[in-house]
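So the chains spell out like this:
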Amino acid sequence: MNIPELVQLQKNYFATQQTKDISFRKSTLKRLQKELIAREKDIIKALHDDFKKPEYEAVMTETSIVLAELKMAIKNIHSWSKPQRVLPSLLNFPSSAKIYKEPYGTALIIAPWNYPYQLAFAPLLGAIAAGNTVVLKPSELTPNTSKITKEIIEAVFDKNHVTVIEGGVDVSTELLAQRWDYIFFTGSVPVGKIVAKAAANHLTPVTLELGGKSPCIIDETANVKLAAKRLVWGKFINGGQTCIAPDYLLIHTSVKEQFIQQFKEEIFRAYGENPQNSPDFPRIVNTRNFDRLALMLENENCVIGGQTDRDDRYIAPTLIDEPSLDSEVMKGEIFGPIFPLISYENESDIEKVTSKYDKPLALYVFTNRNSFAKKMIQRFSFGGGTINDTTVHFANHRLPFGGVGESGIGGYHGKKTFDTFSHHKGVVSRGTWLDISTRYAPYKGKLQQLKTLMKLG
């Protein structure tokens, strides 16, 4: 079956109205939940086979997050779907007003390779909970996870409701050429721009979860030892291949040397003397990305790490001291276990560096001064962030997750995922027992009465 036919079959399925039935959605999500629990070990193995992802990280950052989101959707789908009553306008008296949540229709979800399970299923379950049909395109760079994703979907869903289409750039290009009711994309900024252009051809609404150079700032009052520990975890989890990983470090000159020493000790504690032998340190997803990262290390002062092994797609946890802002490592998002360190003396130095880059997906501040943290949070625009830790804001389903500017459009997580895949339709119900004549022509003598009603709302 070709892609245009498949999309049309999904549109036909949506037109039957079956996916709008809340009981149908809930029972479908329960079947998905049962299958995901049954296949968890297979999912973990697939992630390890793709890039040696440790079982602990697979559970913490992939399977547990999806199951928690799924459990929440099953529990709350009736309340989320219920029409929301809002205060009516006095201009419409007598009336009532409600917001109805309706599915967009047929959605396309394009998932990335760095968290290939979580970032495929988390938006998918929200789209299903909202009542859409879905075509899911997993990443070809993680073939084992892509394969098991397809198996799970085929075991749970009618193919006209949800289907997986595997393939490379040519498949993505053909998918984007179709007319969708919603597109959800997670990936790089350059590809995000391609998706946005394709969506614009049909005025299709989109969510773009992208990335950018996310800064981390450590001031002179910070707990340096704790900052080093939390940064080793946040930077090197998933082998540094995380969209919200701290991309570069701005550190006050007075604590720089202390931090370097503590950072080195924390890497040793986490991964041992040779991280290549650690079962807890993943690999770069493919040789193309390895080569891109290895190029960043050339002619740089690697005060920690810097070792590479192309056959193993291994790059050591690395700290680069004072790279030029024009260097390869400072040009774009790193997306790997390489951490550039740049020292600063005053707050204006911070802005000189951050102003070179577009709005990032995340920002992190380590400080014991509330005033400094507040100033950094308010001064810079970014998708989301954390004070005195890294990446953990992602774990709170009550916080929307998404970018701003070049780091993305829209957000999701928890109820926000359901809302993202729902059109919020405003409806007014007018009473018939009274009809105030103010709005009707002729208008002579009614202007002041209109102004009064407008003020009252």
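A few points on the structure. From a predicted model like this one, the values you see are computed outputs, not experimental measurements. (Residues numbered from 1 in each chain as written. Predicted model: local features only at pLDDT ≥ 70, side-chain atom pairs only at ≥ 80, totals over all residues. Heavy atoms only, no water.)

### Section: the sheet that holds strand E3 (residues 106-110)
Moving on, step 1. A sheet is described by the order of its strands in space; here six strands give the open sequence E5-E4-E3-E6-E7-E18, paired in mixed fashion. The strands lining the two open edges of the sheet, one partner per strand, are strand E5 (162-164) and strand E18 (408-409).
Moving on, step 2. Two strands pair when backbone bridges link them, and strand E7 (residues 206-209) and E18 are joined in this way by two bridges, in the antiparallel orientation. Bridging across to E18, Glu209 finds its partner in Gly408.
Moving on, step 3. This element, helix H8 (residues 189-200), spans strand E6 (182-186) and E7 of the sheet and lies at about 175° to E6. (Pairing = 2+ DSSP bridges. Helix = DSSP H or I, 4+ residues; strand = E, 2+ residues; numbered from the N terminus. Contact = heavy atoms within 4.5 Å. Axes fitted to C-alpha atoms, helices over the stretch in contact; angles between N-to-C directions.)

### Details of the environment of Ala15
Moving on, step 1. For Ala15, the location among the structural elements is in helix H1 (residues 3-15).
Moving on, step 2. Measuring from C-alpha to C-alpha, the distance between Ala15 and Leu141 comes to 34 Å, with 126 residues separating the pair along the chain.

### Description of the pattern of salt bridges
Moving on, step 1. Summed over the entire model, instances satisfying the criterion amount to 26 salt bridges.
Moving on, step 2. Residue Glu154 pairs with Lys150 through a salt bridge whose shortest N-O separation is 3.4 Å. Linking Glu154 with Lys150, this pair stays in helix H6 (residues 143-156), spanning four residues, or about one helical turn.
Moving on, step 3. Since its relative accessible area comes to 53%, Glu154 is described here as exposed.
Moving on, step 4. Residue Lys150 is classed as partly exposed on the basis of its relative accessible area of 24%.
Moving on, step 5. By sharing partners, the salt bridges in this structure join Glu35, Arg39, Asp42, Lys147 and Glu151 into a single network. (Salt bridge = Lys/Arg side-chain N within 4 Å of Asp/Glu carboxyl O. Buried < 20%, exposed > 50% of the residue type's maximum accessible area, 1.4 Å probe, protein only.)

### Side note on helix H7 (residues 169-176)
Moving on, step 1. Along H7, the residues classified as buried are Val171, Ser172, Leu175 and Leu176. Looking straight down H7, one finds its buried side chains confined to an arc of 130°; they lie on one side. Away from its buried face, by an angle of more than 90 degrees, H7 presents the exposed residues Val169 and Asp170.
Moving on, step 2. Those residues of H7 that are buried are in contact with H1, E3, strand E4 (133-137), E6 and H8. (Arc of directions from axis to C-beta.)

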